[in-house]
Amino acid sequence: MGSAKNSSDSETREQRIPEEAVKILKSLAQKWDDITDAYALQVVPLKGAMTNEVYQIKWPTNSDNESHHRSRKVVVRIYGKGVDVFFDRENEIRTFEFMSKQGQGPRLLGRFSSGRIEEFIRARTLSAADLRDSEISGLIATKMKEFHDLQMPGPKSVCLWDRLRNWVKEAKRLSTPEEAKAFHLDFMEDEILALESNLSCGHQRIGFCHNDLQYGNIMMDEDTRSITIIDYEYASYNPVAFDIENHFCEMAADYHTETPHILDYSKYPGFAERQRFLRIYLSCSGTQPSDSEVDQLVHEVEKYTLASHLFWGLWGIISGHVNKIDFEYMEYAGQRFQQYWLRRPELLNSSSPTTNIIADGKRKSTGHC
């Protein structure tokens, strides 16, 4: 009875994979000598993805020792509908292939019209709690510096501000008048201009940024303790301070709970934790940074809190209209905007026409980032 149900579940899941992808999967499996039956693929949905649908595909393999029986695995990524507004898919594929050649991520095994097939990395995806582990956090800081120093082919201009402006236009186009009013979208273009003006002055470290370094996009080999960063959809050249602060803000999230959209800003890292992370990050250049250099970067990074909240707030509004994945995008967006207005007076030294919005944010908010 149990095996029949498992077979039925697997067949149902296989139906979620496009037929052209199934053909590629079976063709790949036929080339691997250790697979007993290329047609006996099992489909396992992977939780935590909020832009695409992601599945682990596995086949039983030959093994002389039953106790060491293993399966051959790959990952199938089905692109979310309507999400091309967030990034250029061809650019993302080029980034994916470049990262693979650099030994920085999984290999691309195949492409189909609505997605791709990737190598399965035999490492574990981090959890929300892992980001607070001092050893693992140090490994992430080191890997992030390595990532930022990559010399990607193509232009190296900052993408952040134009991307935000494009997303505001799309959010306005998709939103009802009530939503636009609730999220104060009429103010957003001015806010982006004020942020860009405030944050773009002085020397900035520009590097190749992941722009979505939440725990689900970081994997660790338990034996070697090596870190692999995956999923480069949002990757582009940007101020590295934005990428680091975005990672800090992600510590408020746990996407594997019953309420994955709820953020807990009491988990945002304290000053000493951020100092430690950034000291490790800076020391990867080969010299030990001074206390003043570390503190300067802490200050630089924190100012990008506002940009992170706008980025993912706008993403949430758009996703709520175009993405069918089971996630409360609008509620998530509301929390990000709430934090934006709460932190704005402290982090953006300019006058604002939105005093009432800020006051409203203070009344509603229960934490800070």
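Here goes a summary of the coordinates provided. Not measured: the values here are computed from a predicted model.

A few points about the nonpolar core
Phase 1: Trp 161 and Trp 315 are the most contacted members of the largest nonpolar core, which totals 85 residues.
Phase 2: Element by element, the count of residues in this core is highest for helix α11 (residues 305-322), at ten residues.
Phase 3: Those residues within four positions of Trp 315 in sequence are excluded, and the remaining contacts are Met 50, Thr 51, Phe 86, Trp 167, Tyr 234, Tyr 329 and Tyr 332.
Phase 4: Counting 19 residues, the second largest nonpolar core, distinct from the first, contains Ala 21, Leu 25, Leu 28 and Ile 78.

Focus on the packing of helix α5 (residues 160-174) against α11
A pair of packed helices is captured by two measures, namely the crossing angle of their axes and the spacing between those axes.
Phase 1: Interaxial distance between α5 and α11 falls to 9 Å at its minimum, and their mutual angle equals 35°. α5 and α11 meet at a crossing whose hand is left-handed. Here α5 contributes Leu 160, Trp 161, Arg 163, Leu 164, Trp 167, Val 168, Glu 170, Ala 171 and Leu 174 to the contact with α11, which in turn contributes Ala 307, Leu 310, Phe 311, Leu 314, Trp 315, Ile 317, Ile 318, His 321 and Val 322.

Here we look at the packing of aromatic side chains
Phase 1: Summed over the entire model, instances satisfying the criterion amount to 25 aromatic pairs.
Phase 2: With a centroid separation of 5.2 Å and an interplanar angle of 90°, the aromatic rings of Phe 87 and Tyr 234 are classed as edge-to-face. With Phe 87 in the loop between β3 (71-78) and α3 (89-101) and Tyr 234 in the loop between β9 (227-229) and β10 (236-239), this residue pair connects regions lying 147 residues apart in the sequence.
Phase 3: The class of Phe 87 is buried, set by a relative accessible area of 6%.
Phase 4: With centroids separated by 5.0 Å and ring planes inclined at 90°, the aromatic side chains of Tyr 340 and Trp 341 adopt a geometry described as edge-to-face.
Phase 5: Overall, the relative accessible area of 0% leaves Tyr 340 in the buried class.
Phase 6: Its relative accessible area of 3% is what places Trp 341 among the buried residues.
Phase 7: The ring of Tyr 79 is capped by Arg 89, whose NZ or CZ atom sits 3.5 Å from the centre of that ring.

Considering helix α10 (residues 291-303)
Phase 1: Helix length check: α10, at 13 residues, gives a terminal C-alpha distance of 19 Å against a target of 18 Å (1.5 Å per residue), a fit within 8%.
Phase 2: Within α10 the residues assigned to the buried category are Val 294, Leu 297, Val 298, Glu 300, Val 301, Glu 302 and Lys 303.
Phase 3: Contacts from the buried residues of α10 go to α7 (188-199), α8 (240-249), α9 (271-283), α11 and α12 (329-347).

Let's talk about the environment of Leu 108
Phase 1: Note that Leu 108 resides in strand β4 (residues 108-112).
Phase 2: When its relative accessible area of 24% is taken as the criterion, Leu 108 is described as partly exposed.
Phase 3: Measuring from C-alpha to C-alpha, the distance between Leu 108 and Glu 119 comes to 6.4 Å, with eleven residues separating the pair along the chain.
Phase 4: Filtering out sequence-adjacent residues up to four positions away, Leu 108 remains in contact with Ile 93, Phe 96, Glu 97, Arg 116 and Ile 117.

Focus: the pattern of salt bridges
Phase 1: Taken as a whole, this structure holds 26 salt bridges when the rule is applied.
Phase 2: The shortest N-O distance in the salt bridge between Glu 273 and Arg 132 comes to 2.7 Å. In this pair, Glu 273 sits in helix α9 while Arg 132 sits in the loop between β6 (124-125) and α4 (134-148), placing the two residues 141 residues apart along the sequence.
Phase 3: Glu 273 gets classed as buried once you look at its relative accessible area, which sits at 15%.
Phase 4: Here the salt bridges share partners, and the residues they tie into one network are Arg 77, Arg 89, Glu 92, Arg 116, Glu 118, Asp 231 and Glu 233.

Conventions and cut-offs
- Residues numbered from 1 in each chain as written.
- Predicted model: local features only at pLDDT ≥ 70, side-chain atom pairs only at ≥ 80, totals over all residues.
- Heavy atoms only, no water.
- Core = buried A, V, L, I, M, F, W, Y, C linked by side-chain atoms within 4.5 Å.
- Buried < 20%, exposed > 50% of the residue type's maximum accessible area, 1.4 Å probe, protein only.
- Helix = DSSP H or I, 4+ residues; strand = E, 2+ residues; numbered from the N terminus.
- Contact = heavy atoms within 4.5 Å.
- Axes fitted to C-alpha atoms, helices over the stretch in contact; angles between N-to-C directions.
- Left-handed = near helix turned anticlockwise from the far one by under 90°.
- Phe/Tyr/Trp six-rings, centres within 6.5 Å; stacked < 30°, edge-to-face > 60°.
- Lys NZ or Arg CZ within 6 Å of the ring centre and 35° of its normal.
- Expected span 1.5 Å × (residues − 1).
- Salt bridge = Lys/Arg side-chain N within 4 Å of Asp/Glu carboxyl O.

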